[in-house]
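An overview of the molecular structure
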There are 2 protein chains.
Amino acid sequence: MSEKHVVVLGAGFAGLNAVRELAREPGLRITLVDRNNYHLFQPLLYQVASGGLESPQIAFPIRAFLRRYTNACFLMGNAERVDPQAKTVTVDGQLLPYDYLLVGVGTRTNDFGLPGVAQYAQGMKGLEDALRIRDRLISACEEAARTSDPQRRKSLLTTVIVGGGPTGVELAGAFAEAKRHVISRDIPEIAGEMRIVLVEGFGRILSAFSESSSRYAERFLRAMGVELVYGDPVAEVGSGGVRFQSGRFVPSFSTIWAAGVTGVAIPGLPAGRGGRIVTAPELFIPEHPEIYVAGDSNALAGDDGKAYPQVAQTAIQQGVLAGCNIVRAVRGQRQKPFRYIDKGNLATLGRNHAIAEIGRLRFKGFAAWALWLVVHLYYLIGFRNRLLVMANWAYSYFTYDFAVRILHKRVAFPETSPQEVRETVRT
Amino acid sequence: MSEKHVVVLGAGFAGLNAVRELAREPGLRITLVDRNNYHLFQPLLYQVASGGLESPQIAFPIRAFLRRYTNACFLMGNAERVDPQAKTVTVDGQLLPYDYLLVGVGTRTNDFGLPGVAQYAQGMKGLEDALRIRDRLISACEEAARTSDPQRRKSLLTTVIVGGGPTGVELAGAFAEAKRHVISRDIPEIAGEMRIVLVEGFGRILSAFSESSSRYAERFLRAMGVELVYGDPVAEVGSGGVRFQSGRFVPSFSTIWAAGVTGVAIPGLPAGRGGRIVTAPELFIPEHPEIYVAGDSNALAGDDGKAYPQVAQTAIQQGVLAGCNIVRAVRGQRQKPFRYIDKGNLATLGRNHAIAEIGRLRFKGFAAWALWLVVHLYYLIGFRNRLLVMANWAYSYFTYDFAVRILHKRVAFPETSPQEVRETVRT
């Protein structure tokens, strides 16, 4: 049997877990392709945005991960096109032939075509996004500290976070803590004016959790001073603020868009609803059984007819199965269908506060928060990252201080305050 | 006595140490001005460039430093102009009146007007510089890994470091260690082709040290595989390489310029040779005794007629004295002249190797290296930074691994290899 070449697109949870399985098979040669040279631990990205962690602490070098596997190599580049007939993928203009292809390229921010979002709102998917959000927050505070115009100060000091999912909620909680514990000590003259507005246009926040957990999160965020806007979806984002469908306007120079994602589409591959690919339960594309799809890219539905949640545990489990199924295909063994094991749901709100739902078990507060810490440290790749994240968290916990307040790139804000300033958000 | 306003320009070693003295005087109000919102610990900047440390670990938030002083505040901005007659300084268009001014704005990279340096070489003064050098090194390695053209690979994998002072030597040593311990394991197929060329155009490397220390450093660098080029100054830097005065050409896409600095000139202030300001021994400008200058900005000469070295200890000592002298001026007391206390000279070369000269005491190797570690941790500001730098160093020391290999911004290299490629550097 000649050596088979497996190309894995994307070094997220799906890709890395697939490589782990594939690399055990001596008859395989594996090429892992990613735009970045690191695996990003997305569940902690919001802590980079809010200044709790440094960016290299949640990023692990792909080449360091691959060192232990002699039959796997890395190619940094953009997967531009797949030709399923010729069985090739084009990476930065270079043609790469494959015997098996695994697609795990994840999602990107979806602006749903709303005007101004792409131009004026900041997405929250990659390290660059998180660093831009941090630089913007710090720049806005420094600018507000020397601005006498109260209208302009208001726009500078208001952050609108759109999307009540875990990303939006965790960001809002972290910003509120930064306001209370850091900015109140660093720039006391402006801390009182800081506003954090969390927008959930359609339902309740953290809709993946039970209603009681949702309400707990809501109470906690309100107590921390976060303003919640329900049932009034965003209509437009401008340089000077956010306009809602009801017509109300919130003046703000900083809008964060955490309201939705869509699959990263690669030309040549079929793309279904939301840019995701529907596969057989065995995770391959029926028309091209040598192409597997795992993680957020896969739109496979469970027994209830709903697609599996786009979370890390789905990606990990599908990555492992896709890797195993490719090995089985090479060996001529039978493919196994995907069975999702729901390990539960966790979200952190702030210091000592989180919510956890594991099967029928629901708990909140400190116990959930401690569990959240342990789980996130456990899944974080690399001893060094675990060590430094733990050191950072311990430091922040005992000092009430945020680790990273270094402004890398100063942000320039619009010169004038928005013409139409209607103060209408009520909590 | 009415409250006096002291404006301190620059939050380097001089500025911070001056603020510490000034803030003790209840009758003073202090405004510290800096372009950045952090104090940069420049002696460790090369470790950020070579991937040993993360950037926020050598940067300390100015506002966190100022928390303890109730009579000091921070203004982030660019000092654009000083009007000594009106006693005002313009910061980002805002007029700031002062009673006393302390200038400690340091230096910037000096290209000596050599063609191509400003455009194609990378300076090494700020965090941005260091991050750009790191991104360039990582990008070049990734690109070389997938490039078959041997000429292009050579240009990608050659780094030319111009300047044999501590910055150049420490960078060369750190790059050589990265080649030996990290790249040889991460991308073994290219590690052998990596070249690090250190250029000292005029004298010997580390000329502030004795000749024997200099020779020790030279031997160590050569043993690590660094190529040393002596006595042939750079004539021009291009997109594809470096041309020397002798006419020889080294093909390289990455040139680092650590060959010289010049004072940051602020319009309205007198600027002497090298952009530095000559003051009275008491550190004020004779024509404007309410303006003090400390650190790299000050060109004051010692008893030997030579300007004091532009190093951290000069800046610290002058900052303290300038702060004290301003307090004395306010109180109507006599000014004290500057007395330089030479605490010795330290430079690290690599793992377990450094050189130290303290008075007549000279030592090398492990003892010097251990001293270097302790001194640098001691002067690093902030418990968190010390803790994390120590954790990073311990990790790197025991694993032979470099902490930070995350590529933040991929660098695009020139498409073609340079036309004229003459391989002429001999070691």
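Residues numbered from 1 in each chain as written. Chains lettered and ligands numbered in written order. Predicted model: local features only at pLDDT ≥ 70, side-chain atom pairs only at ≥ 80, totals over all residues. Heavy atoms only, no water.

**With respect to the overall build of chain A**
- Secondary structure assignment for chain A yields twelve helices and 24 strands.
- By the compact-globule yardstick of 22 Å for 427 residues, chain A fits well, its C-alpha radius of gyration being 22 Å.
- Its C-alpha atoms give chain A principal-axis dimensions of roughly 75 × 40 × 40 Å.
- Going through the 427 residues of chain A one by one, you find that 60% of them count as buried.
- Split by element, the accessible area of chain A, about 17,300 Å² in all, is 52% carbon and sulfur.
- Seen as two clouds, the 49 positive and the 39 negative side-chain charges of chain A have centres 4 Å apart. (Helix = DSSP H or I, 4+ residues; strand = E, 2+ residues; numbered from the N terminus. Rg over C-alpha atoms; globule rule 2.2 N^0.38 Å. Buried < 20%, exposed > 50% of the residue type's maximum accessible area, 1.4 Å probe, protein only. Areas by Shrake-Rupley, 256 points an atom, 1.4 Å probe, with all protein chains shown as cover. Lys, Arg positive; Asp, Glu negative; His and termini not counted. Charge placed at Lys NZ, Arg CZ, Asp CG, Glu CD.)

**Description of the domain arrangement of chain A**
All names here are of chain A.
- Here the domain parsing of chain A yields domain 1 (4-35 + 77-109 + 261-331) and domain 2 (117-259 + 344-399).
- The C-alpha centroid of domain 2 is placed 32 Å from the C-alpha centroid of domain 1.
- At the boundary of domain 1 with domain 2, the tally comes to zero salt bridges.
- Viewed at the interface, domain 2 and domain 1 are joined by two residue pairs in polar contact (both at pLDDT 80 or more).
- The element that contributes the greatest number of residues to the side of domain 1 that touches domain 2 is strand E10 (residues 107-109), accounting for three residues.
- For the side of domain 1 that touches domain 2, the residue count by class is three nonpolar, three polar and two charged. (Domains from an automatic or database assignment. Salt bridge = Lys/Arg side-chain N within 4 Å of Asp/Glu carboxyl O. Polar contact = N/O pair within 3.5 Å; in protein donor to acceptor, adjacent residues only side chain to side chain. Nonpolar A, V, L, I, M, F, W, Y, C, P; charged D, E, K, R; others polar.)

**Re the interface of chain B and chain A**
- Chain B puts 46 residues into the contact, and the matching count from chain A is 46 residues.
- On the chain B side of the contact with chain A, Arg63(B), Arg67(B) and Arg384(B) bury the most area, a combined 17% of that side's loss.
- Our count for the contact surface shared by chain B and chain A stands at ten salt bridges.
- Counting every contact that joins chain B to chain A gives 20 residue pairs in polar contact (both at pLDDT 80 or more).
- Put simply, the parts of the chain that give the side of chain B that touches chain A at least two residues each are strand E4 (59-61), helix H3 (62-66), strand E5 (72-76), helix H5 (127-145), helix H7 (166-186) and helix H12 (383-399) of chain B.
- Top contributing element to the side of chain B that touches chain A by residue count: H12(B), with seven residues. (Contact = heavy atoms within 4.5 Å. Buried area = accessible area lost by both parts, 1.4 Å probe.)

**Structural notes on the relation of the copies chain B and chain A**
- For the match of chain B to chain A, the screw axis carries a shift of 0.0 Å, the RMSD comes to 0.0 Å, and the turn is 180°. Classification of the inter-copy transformation places it as that of a two-fold axis.
- Of all interface residues in chain B, 100% are interface residues in chain A too; the two copies therefore contact each other through one and the same surface. (Least-squares fit on C-alpha atoms with pLDDT ≥ 70 in both.)

**So, the sheet that holds strand E14 (residues 226-230) of chain A**
All names here are of chain A.
- Across the sheet, five strands lie side by side as E11-E18-E12-E13-E14; this open sheet has parallel pairing. The open sheet has two edge strands with one neighbour each: strand E11 (121-122) and E14.
- Sheet topology places strand E12 (residues 158-162) next to strand E13 (residues 195-200); five bridges connect them, and they run parallel. In the strand pairing of E13, Thr159 is matched with Ile196. (Pairing = 2+ DSSP bridges.)

**So, the pairing of strand E15 (residues 234-238) of chain A**
Residues and elements named next belong to chain A.
- Sheet analysis places E15 next to strand E16 (residues 241-244), joined by four bridges and oriented antiparallel. Following the sheet pairing, Gly238 is matched in E16 by Gly241.
- The loop that links E15 with its antiparallel partner E16 comprises two residues.

**Points about the UniProt feature "domain: FAD/NAD(P)-binding" (unreviewed entry) in chain A**
- Residues annotated by UniProt as "domain: FAD/NAD(P)-binding" (unreviewed entry) correspond here to residues 5-319 of chain A.
- Taken end to end, residues 5-319 of chain A is 31% helix and 28% strand, and its first and last C-alpha atoms sit 17 Å apart. (UniProt positions renumbered as here; feature names shortened; annotations may be inferred.)

**Observations regarding the pairing of E16(A)**
- In the sheet, E16(A) pairs with strand E17 (residues 249-251) of chain A via three bridges, with the strands oriented antiparallel. Bridging from a neighbouring strand, Gly241(A) pairs with Pro251(A) of E17(A).

**As for the pattern of salt bridges**
- This model, assessed by the stated rule, comprises 32 salt bridges over all chains.
- The shortest N-O distance in the salt bridge between Glu54(A) and Arg384(B) comes to 2.2 Å. In this pair, Glu54(A) is assigned in the loop between helix H2 (45-49) and strand E4 (59-61) and Arg384(B) in helix H12, connecting two distinct chains. The exposure classification of Glu54(A) matches that of Arg384(B), with both residues buried.
- The residue Arg153(A) makes a salt bridge to Glu193(A) at a minimum N-O spacing of 2.5 Å. Residue Arg153(A) is located in helix H6 (residues 150-157), and its partner Glu193(A) is located in the loop between helix H8 (188-191) and E13; the two are separated by 40 residues in the primary sequence.
- You can call Glu193(A) partly exposed: its relative accessible area is 32%.
- Taken together, the shared-partner salt bridges in this structure form one network comprising Asp92(A), Arg146(B) and Arg410(B).

**Focus: the environment of Gly165(B)**
All names here are of chain B.
- If you trace the backbone, Gly165 turns up in the loop between strand E12 (158-162) and H7.
- Counting along the chain gives 93 residues from Gly165 to Ala258, while the straight-line C-alpha distance between them is 7.6 Å.
- Filtering out sequence-adjacent residues up to four positions away, Gly165 remains in contact with Glu200 and Leu206.

**A short note on H12(B)**
- Given a rise of 1.5 Å per residue, 17 residues ought to cover 24 Å, and the 24 Å separating the end C-alpha atoms of H12(B) matches this to within 8%.
- Along H12(B), the residues that are buried comprise Arg384(B), Asn385(B), Leu388(B), Val389(B), Ala391(B), Asn392(B), Trp393(B), Tyr395(B) and Ser396(B).
- Where H12(B) is buried, its residues contact helix H12 (383-399) of chain A together with helix H2 (45-49), E4 and helix H11 (366-379) of chain B.
- In the segment just after H12(B), Tyr400(B) is the residue with positive phi, at about 55°. (Expected span 1.5 Å × (residues − 1).)

**Description of the environment of Ala144(B)**
Residue and element names in this part refer to chain B.
- Tracing the sequence through the fold places Ala144 in helix H5.
- Along the backbone, Ala144 and Met194 are 50 residues apart, and their C-alpha atoms lie at a distance of 9.9 Å.
- Every residue in contact with Ala144, bar those within four places of it in the chain, is listed here: Arg153, Leu156, Leu157 and Ile190.

**Structural notes on the sheet that holds strand E7 (residues 88-91) of chain B**
Residues and elements named next belong to chain B.
- Taken in spatial order, the three strands make up an open sheet running E6-E7-E8, and their pairing is antiparallel. Edge positions in the sheet fall to strand E6 (79-83) and strand E8 (94-97), since each has one partner strand and no second. Going across the sheet, the axis of each strand differs from the next one's by a mean of 25°, ignoring polarity.
- Direction of pairing for E7 relative to E8: antiparallel, over a ladder of four bridges. Paired with Thr88 across the bridge in E8 is Pro97. (Axes fitted to C-alpha atoms, helices over the stretch in contact; angles between N-to-C directions.)

**Side note on the packing of aromatic side chains**
Residues and elements named next belong to chain A.
- Applying the stated rule across the entire model yields 24 aromatic pairs over all chains.
- Aromatic pair Trp372 and Trp393: ring centres 5.6 Å apart, planes at 35°, arrangement tilted. Pair noted here: Trp372 is in helix H11 (residues 365-379) and Trp393 is in helix H12, with a separation of 21 residues, a long-range link.
- Taking relative accessible area as the criterion, Trp393 reaches 13% and is therefore assigned buried. (Phe/Tyr/Trp six-rings, centres within 6.5 Å; stacked < 30°, edge-to-face > 60°.)

**Brief notes about the UniProt feature "transmembrane region" (unreviewed entry) in chain A**
- Following the UniProt record, one finds the feature "transmembrane region" (unreviewed entry) at residues 361-381 of chain A.
- Secondary structure content for residues 361-381 of chain A is 71% helix and 19% strand, and the end C-alpha separation is 28 Å.

**Some remarks on unusual backbone geometry**
- In the Ramachandran plot, Lys87(A) falls in the positive-phi region, its phi being about 55° despite a non-glycine side chain.
- As for its placement among the helices and strands, Lys87(A) is situated in the loop between strand E6 (79-83) and strand E7 (88-91).

**Examining the state of the cysteines**
- Taken as a whole and judged by the stated rule, the model has zero disulfides over all chains.
- Here Cys141(A) is not cross-linked by a disulfide; its sulfur's nearest cysteine counterpart is in Cys73(B), at 16 Å.
- Residue classification places Cys141(A) among the buried residues on the basis of a relative accessible area of 5%. (Disulfide = S-S within 2.5 Å.)

**A word on the packing of H11(A) against H12(A)**
All names here are of chain A.
- Where H11 meets H12, the closest approach of the two axes is 10 Å, and the angle between their N-to-C directions is 150°. If you check the angle between H11 and H12, you find them roughly antiparallel. From H11, Phe366, Trp369, Trp372, Leu373, His376, Leu377 and Tyr378 reach across to H12, where they touch Arg386, Val389, Met390, Trp393 and Tyr397.
- Classifying every residue of the contact of H11 with H12 by side-chain character gives ten nonpolar, one polar and one charged. (Parallel < 35°, antiparallel > 145°, perpendicular 65-115°, else oblique.)

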